[in-house]
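Coordinate analysis (summary)
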Amino acid sequence: MEILKKPLLTEKVTQLTEKLNRYAFIVDPRANKIQIKSAIETMYGVNIEAVNTMRYVGKLKSRNTKAGPVSGRAATYKKAIVTLKDGEAIDFYSSI
């Protein structure tokens, strides 16, 4: 099981990073906080203070086509927000 899928780089997460030293990741829905913490610590070499997780259910989407309405669902995912200890940072652009 690959625990970390990808880091989230949105405006809202960037503000969290600048103000509170928090980073967000899309993670495997089956992963728990202990697994997420150890995966990030080994991959980025940082010390984590706290891990918060959220589960997002994909919302229903529909569109009208020539053949009639088509409906589907956006993907369901789990997001983890990690708080790093003071003085530590993750640089996504140089570690890739």
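Rules used in this analysis
Residues numbered from 1 in each chain as written. Predicted model: local features only at pLDDT ≥ 70, side-chain atom pairs only at ≥ 80, totals over all residues. Heavy atoms only, no water. Helix = DSSP H or I, 4+ residues; strand = E, 2+ residues; numbered from the N terminus. Rg over C-alpha atoms; globule rule 2.2 N^0.38 Å. Buried < 20%, exposed > 50% of the residue type's maximum accessible area, 1.4 Å probe, protein only. Areas by Shrake-Rupley, 256 points an atom, 1.4 Å probe, with all protein chains shown as cover. Lys, Arg positive; Asp, Glu negative; His and termini not counted. Charge placed at Lys NZ, Arg CZ, Asp CG, Glu CD. pLDDT = per-residue confidence, 0-100. Polar contact = N/O pair within 3.5 Å; in protein donor to acceptor, adjacent residues only side chain to side chain. Contact = heavy atoms within 4.5 Å.

Helix and strand counts for the protein chain stand at 3 helices and 6 strands. Going residue by residue from the N terminus, the α and β elements of the protein chain occur as β-α-β-α-β-β-β-β-α. Computed over C-alpha atoms, the radius of gyration of the protein chain comes to 17 Å, more than 25% over the 12 Å expected from 2.2 N^0.38 for 96 residues, which places it beyond the range of a compact globule. Principal-axis analysis of the C-alpha atoms places the extent of the protein chain at approximately 55 × 30 × 25 Å. Burial status across the protein chain gives 30% buried among its 96 residues. With the model as given, the accessible surface of the protein chain reaches about 7,000 Å², and the carbon-plus-sulfur share is 51%. Seen as two clouds, the 17 positive and the 9 negative side-chain charges of the protein chain have centres 15 Å apart.

Our next topic: the confidence of the model for the protein chain. In the predicted model, the protein chain carries a mean pLDDT of 93, and the fraction of residues at 70 or more is 98%. Mean pLDDT across the elements of the protein chain bottoms out in helix α3 (residues 92–95) (72) and peaks in strand β2 (residues 22–27) (97).

A word on the side chain of K78. Looking at where K78 falls in the secondary structure, it is placed in strand β6 (residues 77–84). A polar side-chain atom of K78 sits 2.7 Å from the main-chain carbonyl oxygen of A31. Setting aside residues up to four positions removed in sequence, K78 forms contacts with F25, I26, V27, D28, P29, A31, T53, M54 and R55.

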